[in-house]
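# Fold and geometry: a report
What follows is each chain in one-letter form.
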Amino acid sequence: MPFTWPLDPRDLFTERYPQMLAFGLPAPDVDAVRAATTDMWADAPGGWVYEWSRLAGRYAAAGRHDLAALAYGNAKFPTLATEPMRRALAHQAEQYGRSATGFPVDFERRVLTVPHQGGTVRVPVHVLAAPGLPDDAPVTLASGGVDTWKMDLHALFVALALRTGTRIMAFDLPGTGETSDIPMTHDGGNEVVEGLIAEARAVGNGQVAHLGLSMGGHYSARTGLAGTVDAAIDLGGPVETAFTPGRSFAFGMEGIVGNALGLDELPSPDRMGARFSAFDLRPLLDQDINAPMLVINGADDVHVPQHDTLVFEGRRDTRVHLLPDTGHCAVTKMPEVMTLTCDWLQRTLGIDGASDRRRRR
């Protein structure tokens, strides 16, 4: 069962404020919610979900369904631990759907059935493509992490679709978002991702890239190291030392991760270490079977140690960028990250950027 834990909303605003602005919310509106919010879990004035949902309702009433989706996305952040947050996710999906007619890309929502733990699980995905993109274009599988999900990252995925010449298939990791009904486990999560890769290979020309942010970067690092995709982009993914038993967590991440893992209470360091250490990618790092990889993070990341980026230096077919003066996933330098990512992906997959731009015009 989902659980709540002691969490000061001021800490979340301290860490996530740049991300809120980078994703497209007006600073005065974010500032107003920040000033009004005094409690993380209360569904009442001053409560996180209450204040964000009130802003989202104003956007929806004004016909700004795109901004309403973003605000409801913050309302359900950082985990679906309460019924009001689960309602906020449902409202986010509704507002996101209403804004789809204004997307600058072709959009389709699909629900895929993939293997999971001896059975199957249904995974909703969003497919985004530049107008006129050929059916046989490569596919980029894409996800966020444990607290920032596919609808939250819509603007990023739109930019990828328009700039890379690939079809984007966005999904939520197990234990998160619309896939919260199954816990995030080492073997189960890998199985779901591999099932999505198989589905993606059947969509386009068979080429599949995998891009992930934060915990999503862990999974893209894994598929890249295992060579099960044709290209992998890891943006701020925990890989090895981030899973060291007993390490500390910042800004409530122990509760966020604990919920994603399917735990029913705030885990002790020993319990977290026992569950989280299974994700360590050292066995794959010791092999030399990787696909081409691009690894990027900010040098000031408080969640993922620099080692988990720098450990990729010197690997075959791998480029590494540890960007200064930015934090987790280098979110405050996203234009630079996008340029690095899009240029690398086009070169790696052999996409003609010039002809792709002509087709989009």
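Scope of this entry: the structure provided in the associated data block. (Residues numbered from 1 in each chain as written. Predicted model: local features only at pLDDT ≥ 70, side-chain atom pairs only at ≥ 80, totals over all residues. Heavy atoms only, no water.)

## A few points about the pattern of salt bridges
For the record, the criterion: One side-chain nitrogen of Lys or Arg within 4 Å of one carboxyl oxygen of Asp or Glu is enough to make a salt bridge. Only DSSP runs of H or I covering at least 4 residues are called helices, and only runs of E covering at least 2 are called strands; the numbering of each starts at the N terminus. Think of it in three bands: residues with accessible area under 20% of the maximum for their type are buried, residues over 50% are exposed, and the middle band is partly exposed, with areas taken using a 1.4 Å probe on protein chains only.
What the rule picks out here adds up to 20 salt bridges. We note a salt bridge from R87 to D43, for which the minimum N-O separation is 3.4 Å. Within this pair, whereas R87 is found in helix 5 (residues 83–99), its partner D43 is found in the loop between helix 2 (27–36) and helix 3 (48–61), the two being separated by 44 residues in sequence. Here R87 falls in the partly exposed class, since its relative accessible area comes to 39%. Among the residues examined, D43 registers a relative accessible area of 44% and is labelled partly exposed. As a salt-bridge pair, D66 and R64 come within 2.8 Å of each other at their nearest N and O atoms. Of the residues examined, R64 reaches a relative accessible area of 39% and is grouped as partly exposed. One salt-bridge network, in which partners are shared between bridges, spans R109, K150, D172 and E178.

## A closer look at helix 4 (residues 65–75)
What counts is decided by this rule: Whether two residues are in contact is decided by their heavy atoms: any pair within 4.5 Å suffices.
Helix 4 sits mainly inside the fold: ten of its eleven residues count as buried. Here helix 4 has its buried residues at H65, L67, A68, A69, L70, A71, Y72, G73, N74 and A75. Buried residues in helix 4 make contact with helix 1 (9–22), helix 3 and helix 5.

## Focus: the packing of helix 6 (residues 154–164) against helix 13 (residues 334–349)
Helix-helix packing: each pair is described by the crossing angle between the helix axes and the interaxial distance. Test applied: Under this scheme, a helix contributes an axis fitted over its contacting stretch, all axes are lines through C-alpha atoms, and angles between N-to-C directions fall in the 0 to 180 degree range. Should an angle fall under 35 degrees it is taken as roughly parallel, and over 145 as roughly antiparallel, whereas 65 to 115 is taken as roughly perpendicular and any remaining angle as oblique. Throughout, a crossing is termed right-handed when the near helix is turned clockwise from the far one, and left-handed when it is turned anticlockwise from it by less than a right angle.
With their axes 10 Å apart at the nearest point, helix 6 and helix 13 run at an angle of 40 degrees to one another. As judged from the angle between their axes, helix 6 and helix 13 are oblique. As helix 6 packs across helix 13, the resulting crossing turns out to be right-handed. Only M334, M338, T339, T341, C342, L345 and Q346 of helix 13 make contact with helix 6, whose side of the interface consists of L156, A159, L160, R163 and T164.

## Points about the nonpolar core
As a reminder, the rule being used: Among buried residues, the Ala, Val, Leu, Ile, Met, Phe, Trp, Tyr and Cys ones that are joined through side-chain atoms within 4.5 Å form a nonpolar core.
If you look at the biggest cluster of nonpolar residues, it comprises 73 residues, and the most contacted ones within it are W48, W52, L196, M215 and F312. Broken down by element, the residue count for this core peaks at seven residues, all from helix 3. Beyond its immediate chain neighbours, meaning those up to four positions away, W48 contacts P9, L12, F13, M20, T37, D39, M40, A42, N74, A75, F77 and M85. Formed by 40 residues, the second largest nonpolar core is a distinct cluster that contains I168, A209, V331 and M338.

## Quick notes on the sheet that holds strand 2 (residues 119–129)
Note the cut-off: Only strands that DSSP links by at least two bridges are regarded as paired with each other.
Here we have eight strands laid out as an open sheet, ordered 1-2-4-3-5-6-7-8, and mixed in their pairing. What marks the edges here is a single partner per strand, and that holds for strand 1 (106–116) and strand 8 (318–323). Looking at each pair of strands side by side, their axes are set apart by 20 degrees on average, direction ignored. Where strand 5 (residues 208–213) lies against strand 6 (residues 231–235), five bridges are found, and the strand directions are parallel. Note on strand 6: the bridge partner recorded for L213 is L235.

## Side note on the side chain of K150
What counts is decided by this rule: Whenever two N or O atoms come within 3.5 Å, that pair is a polar contact, provided that in protein one can donate a hydrogen and the other can accept it, and provided that, for residues adjacent in sequence, both atoms are side-chain atoms.
If you trace the backbone, K150 turns up in the loop between strand 3 (139–143) and helix 6. On the accessibility criterion, K150 (1% relative accessible area) is buried. A distance of 2.8 Å separates the side chain of K150 from the side chain of D172, its partner in a polar contact.

## What to know about empty space enclosed by the protein
Going by this rule: A cavity, in this analysis, means grid points on a 1 Å lattice covering only the protein atoms where a 1.4 Å probe fits yet has no way out; a pocket is instead an open set bounded by protein on both sides within 12 Å along at least five of seven lines, and a residue lines either one if it has an atom within 4 Å of a point. Grid points are joined across faces, edges and corners, and a volume is the space filled by probe spheres set on the points.
For the coordinates displayed, the defined rule picks out three cavities of 30 Å³ or more. As a volume, the largest cavity reaches approximately 170 Å³. Lining the largest cavity are 16 residues, and of these P238, M253, V257, F276 and H303 lie nearest its centre. In this structure, the second largest cavity occupies an estimated 100 Å³ of space. Taken together, Q19, M20, F23, L25, L70, G73, N74, K76, F77, D147, T148 and D152 make up the full set of residues lining the second largest cavity. Secondary-structure elements contributing two or more residues to the lining of the second largest cavity are helix 1 and helix 4.

## Here's the deal with the layout of surface pockets
What counts here: Residue classes follow a fixed rule: Ala, Val, Leu, Ile, Met, Phe, Trp, Tyr, Cys and Pro count as nonpolar, while Asp, Glu, Lys and Arg count as charged, and any other residue, Gly among them, counts as polar.
Within this model, the largest pocket holds a volume of roughly 430 Å³. Taken together, 26 residues form the lining of the largest pocket, with E15, R16, Q19, H328 and V331 sitting closest to its centre. Of all the elements, helix 1 adds the most residues to the lining of the largest pocket, at five residues. Tallied by class, the residues present in the lining of the largest pocket amount to eleven nonpolar, ten polar and five charged.

Structural measurements only, silent on function.
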